[in-house]
Amino acid sequence: MPKPEILDPQGQAVARALPRLGFEGVSDVRQGKHFVLEVDDSVDDDTLAKIAEGFLSNPVIEDFVVRRADA
Amino acid sequence: MSKVGVITFPGTLDDGDAARAVRHAGGEPVALWHADADLHGVDAVIVPGGFSYGDYLRAGAIARFAPVMGLVIEAAQGGLPVLGICNGFQVLCEAGLLPGALARNAGLHFVCHDQRIRVENVQTAWTTRYWAGGEFVVPVKSIEGRFVAEKSTVDELERDGRVVFRYAGGNPNGSMNDIAGICSANRRVVGLMPHPEHAIDPLTGPSGDGIGLFTSVLDNLAGVGG
C-alpha cells in the first residue's frame, strides 16, 4: 500500500467515482497491490518479509503486510 | 576517446538516441546488454528510458537486479559517472544509487510535451557545461515521474545542493519541490525524468541544449572543467 503520507491519485480517482455511481459514505480510497505466493513449508515468515521488503514493495513509498494462509 | 556504455534491457526504448547523443558529443558509445557480465571497459554509463521488463511489478524494480546493474552499482560506488534518464532514473532509485522514488503522476495522465527545466547544480559529472540557473527545453514523456521521498530526504537534497534539475514554467507530474533530477552525494550519479538525449539537435528535437549533459561527462573524463 502507498504510505499514508504519499499522495495516491489513483485511489482519489476511485473515491471521486463512487458517488457518481450512487455509493455514498466512502470518505477515502487507497489503492495498493496484492501478491499471492504459493510456498512450501521451508519458507519461513522472515523470508516472506524479506521478499516483501526487498522486492515486492518499495519501502520508500509503500508499506506492506504479510499474511500466511492455508491452501 | 572516452567510452560511454548505454544499457539495453528488454523493453528499453531510448538506447538508440542515448548512443547517438554520446556520438554527437564526441564520445564512443558502447552497447551494454542487460545480461552482460562485464562493463567492457567503459568510462561512464547511461541507463536510458523506456519500459524495462515491461515496468512489471514497478518501474525499474526488476531491471535493478539485471546482471549488468550489479556491475554498475559496484562501479558507481567507486566513482563511475552514471546517468539515468526517465526509466533509467527509476532504475537508479530502485537500485539505491539515488534516494527517493518515482510515483504515478499526480494528474494520472501520461505527459508527453516539451518541458522547460532549470539547471540548479553545475558541479556534477554531467552538468559542468551548463550555467547555474540556466533554463532549456527538453521532452518529458512519462506517467511515473513524480519524484517523492521522505521530507527529511528532500530537505537534505536541497541543503546539499543535490537537486540538479527543477521543472520551470509548470510542474508536469506533481513532484516534490518541482524536482526533475537529482544526484548522488559524490555528484557522479545523476538521474532525471526529462529526456536530454532527444534534444541534442534542433533538427530533431525542441532544442539542442540537451547535448550539454553528454559533453559535460566527456569533459569530466578528459580532465577538463568540473
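Each chain carries its own residue numbering, running from 1 in the direction its sequence is written. For naming, the first written chain is A and the first written ligand is 1, with later ones following in the order written. Totals for whole chains, interfaces and linings use every residue, but because this is a predicted model, local features are given only for residues with pLDDT of at least 70 and side-chain atom pairs only at 80 or more, for both listing and counting.

## Digging into the confidence of the model for chain B
Per-residue confidence for chain B averages 97 on the pLDDT scale, and 99% of its residues sit at or above 70. For this predicted complex, the interface score ipTM comes out at 0.85, while the overall pTM is 0.94. The predictor attaches a confidence to each residue, called pLDDT, with possible values from 0 through 100.

## Here we look at helix H1 (residues 15-25) of chain B
Residues and elements named next belong to chain B. Every C-beta atom is placed from the backbone, and the number of other C-beta atoms within 10 Å of a residue's own sets its class: buried at 20 or more, exposed at 12 or fewer, partly exposed in between. Strands here mean DSSP runs of E at least two residues long; helices mean DSSP runs of H or I at least four residues long; both are numbered from the N terminus. Among all positions in H1, only Asp 15, Asp 17, Ala 18, Ala 19, Ala 21, Val 22 and Ala 25 are buried. Along its buried surface, H1 packs onto strand E1 (3-8), strand E2 (28-33), strand E3 (44-47), strand E4 (82-85) and helix H5 (211-222). Backbone geometry just downstream of H1 places Gly 26 in the positive-phi region, at approximately 105 degrees. Think of it this way: build a C-beta for each residue from its backbone, and any pair within 7 Å is a contact.

## Re the environment of B:Gly70
All names here are of chain B. Relative to the helices and strands, Gly 70 resides in helix H2 (residues 67-77). Looking at Gly 70, the number of C-beta atoms within 10 Å reads 13, which means it is partly exposed. Gly 70 sits 16 residues away from Cys 86 along the chain, and the two C-alpha atoms are 19 Å apart.

## What about the sheet that holds E3(B)?
Residue and element names in this part refer to chain B. When DSSP finds two or more bridges between two strands, those strands count as paired. Spatial strand order, E2-E1-E3-E4-E11-E10-E9-E6-E7: nine strands in an open sheet with mixed pairing. Looking at which strands have only one partner, the edges of the open sheet turn out to be E2 and strand E7 (135-142). The sheet shows a mean angle of 25 degrees between the axes of neighbouring strands, direction not considered. Bridging between E1 and E3 involves three bridges; their strand directions are parallel. Each bridged residue has a counterpart across the sheet, and for Val 6 the counterpart in E3 is Ile 46. To get an axis, a line is fitted to the C-alpha atoms, and for a helix only the part in contact is used. The angle between two axes follows their N-to-C directions and goes from 0 to 180 degrees.

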